[in-house]
Amino acid sequence: MSSRILISEIFGPTIQGEGSLIGRPTVFVRTGACDFRCSWCDTLYAVLPEYKAAWTPHSAAEILDKVLLLTNGQPILITLSGGNPALQPLEALLDLGHAHGCTFALETQGSVPKSWFARLDHLVLSPKPPSSGMTTDWATLRQCLDMARVTELQTAAQSTLCGPQTVIKIVVFDEDDYAFARQAHRQFPDVPFVLQSGNSAPAQPHNDWSGGGDDSLAAMSSQRIEWLLEQVTRDGWFDATILPQLHVLLWGNKRGV
Ligand code: SF4
């Protein structure tokens, strides 16, 4: 198997705009290729085959060099996103980055379990709700969680490795998506959940990357947050975390920030 990693883009430092690490300075390493085609995907340039020519194979060392160039050599949280980064051979990058003091967060829909999930610092599993047009294989998602948990058990014995902090993040656009999130929570009650208000920007293959904060996006986001708060209050789901997409509020759909 090739050890080359398909890269769509590397950018930062910026702030993590989503999930449990929201607000943390990070460099994004976005891999190319995805096994899903979500209707509202905002990174189609890392998904669709017509963009494949722009995805360049990198070694782990080449990726880390580019990250450290962006941070003036300082270690940082590296966010592995996509596409679906679980499709890529990332083990060597994790080892190399850790050796330089970096930490890693990986975001994936949970369709491809990998044993090296256990070597991450943060694992964000983001099963896709009905509005995406995709179907979740719950057994496979459970395998992804188990990959992280296996190491947690090993950790107790070895006291050397630390398994990733794992959360499930679900983007919610409507009532069906919220019902999906509830279903997921019933299946995985011990995993922290993040409910993220969906970005209402139209799902177009060629977004306007000029970006900039958008008042209509902000208004829509706050309405969805209020609505989500009503739902979790009605259901007494008070250990859920409700978040907007911070980067969309700040910069709209601008690419590379
Ligand atoms: S899983 Fe993520 S990257 Fe892949 S199509 Fe869906 S939103 Fe886009």
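Going by the structure above, here's the rest.
Residues numbered from 1 in each chain as written. Predicted model: local features only at pLDDT ≥ 70, side-chain atom pairs only at ≥ 80, totals over all residues.

A word on the pairing of strand S5 (residues 103-108)
Burial analysis of S5 places 5 of its 6 residues in the buried class, the great majority of the element. By the bridge criterion, 4 bridges tie strand S4 (residues 77-81) to S5 in an arrangement that is parallel. In the sheet register, Leu77 faces S5, and the bridge partner there is Thr103. Crossover connection from S4 via helix H2 (residues 91-99) to parallel S5: handedness right-handed. With 4 bridges connecting them, S5 and strand S6 (residues 122-125) associate as parallel partners. (Buried ≥ 20, exposed ≤ 12 C-beta atoms within 10 Å, placed from the backbone. Helix = DSSP H or I, 4+ residues; strand = E, 2+ residues; numbered from the N terminus. Pairing = 2+ DSSP bridges. Right-handed = clockwise from strand over helix to strand, strands pointing away.)

Overview of the site of the ligand
Near the ligand, the surroundings consist of Cys34, Phe36, Arg37, Cys38, Cys41, Thr43, Val47, Gly82, Gly83, Asn84, Gln109 and Lys128. The residue makeup of the shell around the ligand, split by class, is 5 nonpolar, 5 polar and 2 charged. (Near = placed C-beta within 6 Å. Nonpolar A, V, L, I, M, F, W, Y, C, P; charged D, E, K, R; others polar.)

Section: the environment of Leu125
By secondary structure assignment, the location of Leu125 is in strand S6. Residue class for Leu125 comes out buried when judged on the 24 C-beta atoms lying within 10 Å of it. When the C-alpha positions of Leu125 and Glu107 are compared, they lie 6.1 Å apart, and in sequence the two are 18 residues distant. In this structure Leu125 touches Thr108, Gly110, Leu141, Cys144, Leu145, Thr166 and Ile168, once residues within four positions along its chain are discounted. (Contact = placed C-beta atoms within 7 Å.)

Topic: the sheet that holds strand S7 (residues 165-172)
Pairing in this open sheet of 9 strands is mixed, and the strands run S3-S1-S2-S4-S5-S6-S7-S8-S9 from one edge to the other. Lying at the two open borders of the sheet, with one neighbouring strand each, are strand S3 (56-58) and strand S9 (241-243). The sheet shows a mean angle of 30 degrees between the axes of neighbouring strands, direction not considered. Across 5 bridges, S7 lies against strand S8 (residues 193-197) in parallel orientation. Among the inter-strand pairings, Ile168 is bridged to a residue of S8, identified as Phe193. Seen against the sheet, helix H4 (residues 175-187) touches S7 and S8 and runs at an angle of roughly 155 degrees to S7. Along the sheet face, helix H5 (residues 215-235) touches S7, S8 and S9 and points at about 140 degrees away from the line of S8. (Axes fitted to C-alpha atoms, helices over the stretch in contact; angles between N-to-C directions.)

With respect to unusual backbone geometry
Negative phi is the rule for most residues except glycine; trans is the rule for most peptide bonds. Cis geometry is found at the peptide bond from Gly12 to Pro13, where omega equals -10 degrees. Note on placement: Pro13 falls in strand S1 (residues 5-15). Note that the residue after Gly82, namely Gly83, is joined by a cis bond; omega there is 10 degrees. In this fold, Gly83 is placed in the loop between S4 and H2. Within the chain, Asn72 stands out as a residue other than glycine whose phi angle is a positive 55 degrees. Along the polypeptide, Asn72 turns up in the loop between helix H1 (60-70) and S4. The exposure class of Asn72 is exposed, given the 7 C-beta atoms found within 10 Å.

A short note on the environment of Thr31
In this structure, Thr31 sits in strand S2 (residues 25-31). Given 25 C-beta atoms within 10 Å, Thr31 falls into the buried group. Along the primary structure Thr31 and Ala46 are separated by 15 residues, whereas in three dimensions their C-alpha atoms are 6.8 Å apart. Setting aside residues no more than four positions away along its own chain, Thr31 makes contact with Ile5, Leu6, Ile7, Ser8, Ala46, Gly82, Gly83, Pro85 and Gln88.

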